[in-house]
Amino acid sequence: MVKIKDITQYLEQFAPLHYQESYDNSGLLTGDEDWQVKGVLLSLDCTEQVVEEAIETDSKLIISHHPIWFRSLKKLTGKSYVERTIIKAIKNDVAIYAIHTNLDNVKPGVNEKLAHKLGLKDLEILAPRSSNLMKLVTFCPKENTRQVLNTLHNAGAGAIGNYHDCAFIIEGKGTFRPNELADPYIGQANKLEKVTEERVEVIFPEHLQQRILESLLKAHPYEEVAYYFQELANIHQDVGSGMTGILKTSLSQKKFLQHLRNCLSTPCIKHSELSDKPVNKIGICGGAGSFLINHAIRSSCDAFVTSDLKYHDFFDANGKILLADVGHYESEVSTKDLLSDIITKKFPKFAVRLSKIDTNPIRYF
Ligand SMILES: [Zn+2]
């Protein structure tokens, strides 16, 4: 048995709730994070049938990619499938947790899983987010710098791509005069002190600011810690929408569409007009990705694979890119495997089930 929060907090290390889009509703939707559960049921969507499956398999926690509801609910009378699903879950003590756009927006997320399925390499975020990063500058007595830095790194500071424990350190002199009420680590009341200190700089994602500050104040030996935070305009290379990747070998556009059909087991692909241009660099976005068409063109992608494209979106291809709408469900269904991989790595003995229900509401004739 594990507590729900043990699992959700672990997932949020990969996909912090802070990274969800403003319209989203990721997080725990029903149930209590302190409930003990024997198993989890993973699903793309949460429907009444999925709740039934959870009850039958004694999985009192459902983790679904799409939240069962997005906006505030005013009534719970069972008139819509959303209301019925929620009522069923609450009546049967089934917790529902959604991990949606926060899992879309991180590198080891929905798009990376899709990229692996398509056999893409050299993966990069297609539209990285900016203004997600902050910098902490603080000043430590030289002998305490390592201990302070270790604590900051453990709290999540100083991770850049595949590099961890990154910091910049420069030596200088700090001066201060404690008064008679102070309890200084170094120095005496009313005497000007001059101490060899190190200026320490680390970057971190903004949602960790409180944790970083608490860690700094705990680890730093001074009674009054000198520090400041700075907002950065840098892009965050591991957070953002969509992804780009390279095919192992270039394909003709027709062969590429065939490749998509094989990899994604989709019976139908809507695509823009074909040309002779070979396909090598691919842009992808699991789920609805029309907002990224121009990003994909600007990133010199030969093709852009996504879903939910409208009639006029196909005009935007404009002979510059091959657009392929592979279906929303088909582009995201592997999210169940992704979540299973993440959870079983940390909780190998915990019962992780993939829902057997095909929740795709679209049928092809
Ligand atoms: Zn989706």
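Use the structure listed above.
Source: prediction; values computed, not measured.

Engineer: What is the right way to look at the overall build of the chain in this model?
Structural biologist: Helix and strand counts for the chain come out as twelve helices and 17 strands. When each of the 365 residues of the chain is scored for burial, the buried share is 48%. Restricting the contact set of the chain to residue pairs at least 6 apart, pairs at least 24 apart contribute 72%. Approximately 19000 Å² of the chain is accessible, and the part contributed by carbon and sulfur atoms is 49%.

Engineer: What am I meant to see in the nonpolar core here?
Structural biologist: Note on soluble globular proteins: their nonpolar side chains tend to be buried together. Grouped together as the largest cluster of nonpolar side chains are 25 residues, with contacts concentrated most on Ile-7, Leu-11, Leu-61, Ile-63 and Ile-343. Counting only elements with at least two residues in this core, the list comes to helix H1 (4-14), strand E4 (39-43), strand E5 (61-64), strand E6 (95-98) and helix H12 (335-346). If we skip the residues at most four places from it in the chain, Leu-61 touches Ile-4, Ile-7, Val-37, Gly-39, Val-40, Leu-41, Ala-95 and Tyr-97. Within the second largest apolar cluster, 22 residues are counted, among which are Leu-118, Cys-263, Leu-322 and Val-326.

Engineer: What is the right way to read the coordination of the zinc ion from this model?
Structural biologist: Each donor-metal-donor angle would ideally measure 109.5 degrees in four-coordinate tetrahedral geometry, or 90 or 180 degrees in six-coordinate octahedral geometry. Summarising the metal site, the zinc ion is bound by the protein donors His-66 (NE2), His-328 (NE2) and Glu-332 (OE), whose distances to it range over 2.0 to 2.1 Å. Read in sequence order, the donor residues for the zinc ion give the motif H-x261-H-x3-E. Of this pair, His-66 sits in the loop between E5 and helix H3 (81-91) while His-328 sits in helix H11 (residues 328-332), placing them 262 residues apart in sequence. For His-66, a relative accessible area of 12% corresponds to the buried category. Judged by its relative accessible area of 22%, His-328 is partly exposed.

Engineer: What is the right way to read the layout of surface pockets from this model?
Structural biologist: Over the atoms, a rolling probe the size of a water molecule traces out where space has been left empty. Quantified by volume, the largest pocket comes out at close to 1200 Å³. Along the wall of the largest pocket there are 42 residues; nearest its centre are Gln-13, Ala-159, Pro-205, His-236 and Asp-238. At the level of secondary structure, the elements contributing two or more residues to the lining of the largest pocket comprise H1, strand E7 (120-130), helix H6 (145-154), strand E10 (193-205) and strand E12 (235-251). The leading source of residues in the lining of the largest pocket is E12, at six residues. Tallied by class, residues from the lining of the largest pocket come to 20 nonpolar, 15 polar and seven charged. Taken together, 32 residues form the lining of the second largest pocket, with His-66, Phe-70, His-100, His-328 and Glu-332 sitting closest to its centre. Elements supplying a minimum of two residues to the lining of the second largest pocket: H3, helix H4 (101-104), E12, strand E14 (279-288) and H11.

Engineer: How should I be thinking about helix H2 (residues 48-56) in this particular structure?
Structural biologist: Along H2, the residues that are buried comprise Val-50, Val-51, Glu-53 and Ala-54. For H2, the angular spread of buried residues about the axis comes to 155°, placing them on one side. Those residues of H2 hidden inside the fold are in contact with E4, E5, H3 and strand E17 (351-354). At the C-terminal side of H2, Asp-58 shows a positive phi close to 55°.

Engineer: Explain the state of the cysteines here, please?
Structural biologist: By definition, a disulfide links two cysteine residues through a covalent bond between their sulfur atoms. For the structure on display, the rule yields zero disulfides. In this structure Cys-166 is not part of a disulfide, and its nearest cysteine sulfur, from Cys-140, lies 17 Å away. Judged by its relative accessible area of 21%, Cys-166 is partly exposed. A disulfide-free cysteine, Cys-285 has its sulfur positioned 12 Å from the sulfur of Cys-301, the nearest such atom.

Engineer: Sorry, what's going on with unusual backbone geometry here?
Structural biologist: Where the residue is not glycine, phi is negative for most of them; where a peptide bond is considered, it is trans in most cases. With a phi close to 60°, Asp-308 is a non-glycine residue in the positive phi region. Among the structural elements, Asp-308 can be located in the loop between strand E15 (303-307) and helix H10 (311-315). By relative accessible area, which is 38% here, Asp-308 ends up partly exposed. In the Ramachandran plot, Asn-318 falls in the positive-phi region, its phi being about 50° despite a non-glycine side chain.

Engineer: Please clarify how the sheet that holds strand E9 (residues 168-176) should be interpreted in this entry.
Structural biologist: Each strand in a sheet pairs with another by means of backbone hydrogen bonds, the pair being arranged parallel or else antiparallel. Read from one edge of the open sheet, four strands run E9-E10-E8-E11, paired in antiparallel fashion. If you trace the sheet from one side to the other, it starts and ends with E9 and strand E11 (227-231), each paired once. On average, adjacent strands in this sheet sit at an angle of 25° to one another, irrespective of strand direction. Note: strand E8 (residues 133-141) against E11, five bridges, orientation antiparallel. The residue of E11 that forms the bridge with Leu-136 is Phe-229. Lying over the sheet, H6 contacts E8, E9 and E10, oriented at roughly 15° with respect to E10. In this fold helix H7 (residues 209-219) packs onto E8, E10 and E11, with an angle of close to 160° to the strand it touches most, E11.

Parameters and conventions
Residues numbered from 1 in each chain as written. Predicted model: local features only at pLDDT ≥ 70, side-chain atom pairs only at ≥ 80, totals over all residues. Heavy atoms only, no water. Helix = DSSP H or I, 4+ residues; strand = E, 2+ residues; numbered from the N terminus. Buried < 20%, exposed > 50% of the residue type's maximum accessible area, 1.4 Å probe, protein only. Contact = heavy atoms within 4.5 Å. Areas by Shrake-Rupley, 256 points an atom, 1.4 Å probe, with all protein chains shown as cover. Core = buried A, V, L, I, M, F, W, Y, C linked by side-chain atoms within 4.5 Å. Donors = N, O, S within 2.8 Å, 3.2 Å for Na, K, Ca; no water. 1 Å grid on protein atoms, 1.4 Å probe; cavity = no way out; pocket = protein on both sides within 12 Å on 5 of 7 lines; lining within 4 Å. Points joined across faces, edges and corners; volume = space filled by probe spheres on them. Nonpolar A, V, L, I, M, F, W, Y, C, P; charged D, E, K, R; others polar. Arc of directions from axis to C-beta. Disulfide = S-S within 2.5 Å. Pairing = 2+ DSSP bridges. Axes fitted to C-alpha atoms, helices over the stretch in contact; angles between N-to-C directions.

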